[in-house]
Amino acid sequence: MAHEASAHVHEPKSFWTRYIFSQDHKVIAAQYILTSLLMGFLALVLSWLMRLQLGWPEEPIPILSKLFPGLYQDGILKPEAYLALITMHGTLMVFFFITAILLGGFGNLLIPLQVGARDMAFPFVNMLSYWVFLLSCVVILASFFVTGGAAAAGWTAYPPLSGVQKAVPGSGLGQDLWLVAMAIFIVSSVMGGLNYVTTALNMRTRGMSMGRLPLTVWALLITAILGLLAFPALFAGAVLLLLDRHLGTSFFVPYVVVGGQHIPHEGGNPLLWQHLFWFLGHPEVYIAILPAMGIVSEVISTNARKPIFGYRVMVLSICAIAFLSFIVWGHHMFISGMNPYLGTAFMVTTLLIAVPSAIKTFNWIATLWRGNLRFTPAMLFAIGFVSVFVTGGLTGIFLGNPPVDIQLTDTYFVVAHFHIVMGMGSVFGIFAGLYHWFPKLFGRMMNERLGRWHFWLTFVGVYGIFFPMHYLGFLNVPRRYYGFSGYEFIPPDAQTIQAIISVAALLVGAAQLIFLYNFLHSWIRGPKAPANPWQATTLEWQAPSPPPHGNWGPELPVVHRWAYDYAVPGAAEDYVPQTTPVEPAQIPQENGAGKPASEQNGV
């Protein structure tokens, strides 16, 4: 359905309505990006504190006692604080950084611009979704400052540890705030998801058929649908867990004795929480990775100066991955006493995801093959994404098989797999997108030399962290442990590997400081960006940088082509924007020569 353009656009004039309580999708995108980057940086700091403990467990660092008096004693991290750091690092990274920046940031920035709309379908709801998200950030961060500290039951919040208020120090008010923050976050996500789906389906400009949508919009659309279907399960779980904790119900808490005292609960089943959590938790992996895949497809095609290989198959692969993500959650519960036949079913569906994932990987490589490659920072991070996605995907085959998973599930192998495929894959996609669309969002160019330093230090450091972790997993080094002294089954060399991993983690952290400087300096003093600095084809590059309120002036753009007309035979340049009409010279001939690239790719 095409969207009828409105020539009359009211631009807000006051500072408050233009920059603070703005309903402009680009301002809201910037708000999401800046807030989620802050949350990601805080999560990064928490990981540094954990790695210092794991790398040098007996070495006091007195200055940390002064900086974080609630977490350290005599320069040594407290054991209960370590559990809180694990919980909050995972929560902030997965939900408040990766999910928020990909859906809230890139979804807001790209969907209206790439479909040729003036704004989101529901601008007020869009503004409300950001402020509700910000409220959830405040609540989750407030948990660091309450009695007992932040939640310490892990980012999965498994009961009974999360259901009993006296289980560990973080099981008190800190756990309550964690649950409330997640519920608020989900409300924000649902409001955003409704907007993204409606805008992508109903606000497309004339000529923008579904077959001409950029892969970023396809990925964001399918991801929004995933979120709308999956997040309510965790919302229901959070509410029920709050009832268990405060109103005496026992949905998740069985008969429990803490410190010799029976906690007044019985009859609950912790496995019910695991089902509810992972019904969201596994689609959440793809909520994080699918938008990154869309970004990478866009960046690779643009910088390889070639049409994306197999557009239609790429779209079908996105849909297949999304569908399969709903029927694989049981592979997180192989050791929960699951019936072996049911475990086999989950194993089959899990391994099936390798098929569309492999198709996408093949198509990215085919697009790169013999391309006129431009190694911009965005392109480097996009290629880096393909690397970590393949590496993490291969290790996923181990964990998708119950006989192997049972041996590895509580070891560092899982930490390595999860971080490299979902964490680093998403983060590489985020950086690719930030470098690629920074000129469009802020109207200035980032420093490419600093961007390349950022990439290479991050890329080398990521493999320096997570490759050795796989080896630790094979040594049966358990995850989530505060320290490893006194465990005879762990070889002494494992501690040396932990120190090497910590050095690599600090290297990656230093690389992010380079990015932070580049981002802020370029935002203020970077050279002015032209409208289309990458000679790209999609609609957003036909608008000024940054686009004005309403994006397009008095007339909406009209689309004549698919999204990836690069290296078109007979064209004056190596790219043809979507708004350029198809010329007679490109009318299909009998042998296929002269066909528009879109037709050559089966669109």
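Structure: see above.
Residues numbered from 1 in each chain as written. Predicted model: local features only at pLDDT ≥ 70, side-chain atom pairs only at ≥ 80, totals over all residues. Heavy atoms only, no water.

> Teacher, can you tell me more about the overall build of the chain here?
A count of helical and extended segments in the chain gives 17 helices and 4 strands. If you line up the chain on its principal axes, its C-alpha atoms span 85 × 50 × 50 Å. Counting the 603 residues in the chain, one finds 58% classified as buried. Pairs at least 24 residues apart make up 78% of the contacts formed inside the chain by residues separated by at least 6 positions. For the chain, the accessible surface area stands at approximately 24,000 Å², while carbon and sulfur atoms represent 69% of it. Positive and negative side-chain charges of the chain, numbering 28 and 26 respectively, have mean locations separated by a distance of 9 Å. (Helix = DSSP H or I, 4+ residues; strand = E, 2+ residues; numbered from the N terminus. Buried < 20%, exposed > 50% of the residue type's maximum accessible area, 1.4 Å probe, protein only. Contact = heavy atoms within 4.5 Å. Areas by Shrake-Rupley, 256 points an atom, 1.4 Å probe, with all protein chains shown as cover. Lys, Arg positive; Asp, Glu negative; His and termini not counted. Charge placed at Lys NZ, Arg CZ, Asp CG, Glu CD.)

> I would appreciate a short explanation of the side chain of S502 in the present structure.
Note on placement: S502 falls in helix α16 (residues 493-525). Since its relative accessible area comes to 0%, S502 is described here as buried. In this structure the side chain of S502 is engaged in a polar contact, spanning 2.7 Å, whose partner is the backbone oxygen of R51. (Polar contact = N/O pair within 3.5 Å; in protein donor to acceptor, adjacent residues only side chain to side chain.)

> Would you take a moment to explain a nonpolar patch on the surface for this structure?
On the surface, L34, L38, F41, L42, L513, L516, L520, W523 and I524 cluster together into a nonpolar patch covering about 750 Å² of accessible area. Elements represented by at least two residues in the nonpolar patch include exactly α2 (25-55) and α16. In terms of residue count, the dominant contributor to the nonpolar patch is α16 (5 residues). Relative to the elements of secondary structure, F41 occurs in helix α2. (Patch = residues over 30% accessible without salt bridge, like charges linked within 9 Å, V, L, I, M, F, W, Y side chains within 5 Å. Salt bridge = Lys/Arg side-chain N within 4 Å of Asp/Glu carboxyl O.)

> Mind showing me how you'd approach the packing of aromatic side chains here?
Any aromatic ring pair is given by two values, namely how distant the centres are and how the planes are angled relative to each other. Using the criterion set out here, one finds 60 aromatic pairs in the structure. On the basis of an interplanar angle of 70 degrees and a centroid distance of 5.4 Å, the ring pair of W155 and F277 is categorised as edge-to-face. Separated by 122 residues along the polypeptide, W155 in the loop between α5 (123-142) and α6 (173-202) and F277 in helix α8 (residues 270-304) bring together distant segments of the chain. Owing to a relative accessible area of 0%, F277 belongs among the buried residues under this scheme. Both rings, one in F515 and one in F519, keep their centres 5.7 Å apart while their planes meet at 50 degrees; by these two values the pair is tilted. Of the two residues, F515 and F519 both sit in helix α16, 4 residues apart, roughly one turn of that helix. Taken individually, F515 and F519 each receive the classification buried, so the pair is uniform in this respect. (Phe/Tyr/Trp six-rings, centres within 6.5 Å; stacked < 30°, edge-to-face > 60°.)

> What is the right way to look at the pattern of salt bridges in this model?
Side chains that differ in charge, positive against negative, can pair when their charged atoms come close. Applying the stated criterion across every chain, the model contains 6 salt bridges. A salt bridge links D574 to R305, with the nearest nitrogen and oxygen atoms 2.9 Å apart. Taken as a pair, D574 in the loop between α16 and α17 (597-600) and R305 in the loop between α8 and α9 (311-324) lie far apart in primary sequence, 269 residues in all. Across the pair E448 and R452 runs a salt bridge, and its minimum N-O distance is 3.2 Å. Taken together, the residues E448 and R452, both in helix α15 (residues 448-474) and 4 residues apart, mark about one turn of the helix.

> Which parts of the structure should I look at to understand empty space enclosed by the protein?
The rolling of a water-molecule-sized probe over the atoms marks out the regions of remaining empty space. In total, this model carries 4 cavities of 30 Å³ or more according to the counting rule given. Considering only enclosed or pocket space, the largest cavity measures out at about 140 Å³ in volume. Every residue lining the largest cavity is counted, 16 residues in all, and those nearest its centre are L103, G104, S188, S189 and Y196. Broken down by secondary-structure element, the contributors of at least two residues to the lining of the largest cavity are α4 (79-115), α6 and α7 (215-246). A total of 6 residues in the lining of the largest cavity trace back to one element, the largest contributor, which is α6. Looking at side-chain class alone, the lining of the largest cavity contains 9 nonpolar, 7 polar and no charged residues. (1 Å grid on protein atoms, 1.4 Å probe; cavity = no way out; pocket = protein on both sides within 12 Å on 5 of 7 lines; lining within 4 Å. Points joined across faces, edges and corners; volume = space filled by probe spheres on them. Nonpolar A, V, L, I, M, F, W, Y, C, P; charged D, E, K, R; others polar.)

> Looking at this structure, how should I read the nonpolar core?
Note on soluble globular proteins: their nonpolar side chains tend to be buried together. If you look at the biggest cluster of nonpolar residues, it comprises 180 residues, and the most contacted ones within it are F95, F96, F106, L290, Y311, W364 and F385. Top element by residues in this core is α4. It accounts for 22 residues. (Core = buried A, V, L, I, M, F, W, Y, C linked by side-chain atoms within 4.5 Å.)

> Is there a simple way to explain the side chain of D176 in this structure?
Assignment of secondary structure puts D176 in helix α6. Since its relative accessible area comes to 10%, D176 is described here as buried. Once you skip the residues sitting within four places of it in the chain, D176 turns out to touch L242, R245 and H246.

> In this structure, what is going on with the environment of G40? I would like to understand it.
In this structure, G40 sits in helix α2. Under the relative-accessibility criterion, G40 is labelled buried at 9%. Spatially, the C-alpha atom of G40 lies 29 Å from that of T538, the residues being 498 residues apart in sequence. Setting aside anything within four residues of it in sequence, one finds G40 in contact with M93 and F97.

> I tried to follow helix α11 (residues 354-368) on my own but got confused; where do I start?
An ideal rise of 1.5 Å per residue puts 21 Å on 15 residues; α11 measures up with 21 Å between its terminal C-alpha atoms. Of the residues making up α11, those classed as buried are P356, S357, K360, T361, N363, W364, A366, T367 and L368. For α11, the elements touching its buried residues are α8, α9, α10 (340-352) and α12 (377-399). (Expected span 1.5 Å × (residues − 1).)

> Please explain α8 as it appears in this structure.
Since there are 3.6 residues in each turn of an α-helix, residues three or four apart along the chain are aligned in direction. Counted at 1.5 Å a residue, the expected span for α8 with its 35 residues is 51 Å, and the 50 Å between its end C-alpha atoms agrees. Measuring from the backbone nitrogen of L271 back to the side-chain oxygen at the start of α8 gives 2.9 Å, which picks out N269 as the cap. Note on α8: the residue one or two positions beyond its end, R305, has a positive phi of about 55 degrees.

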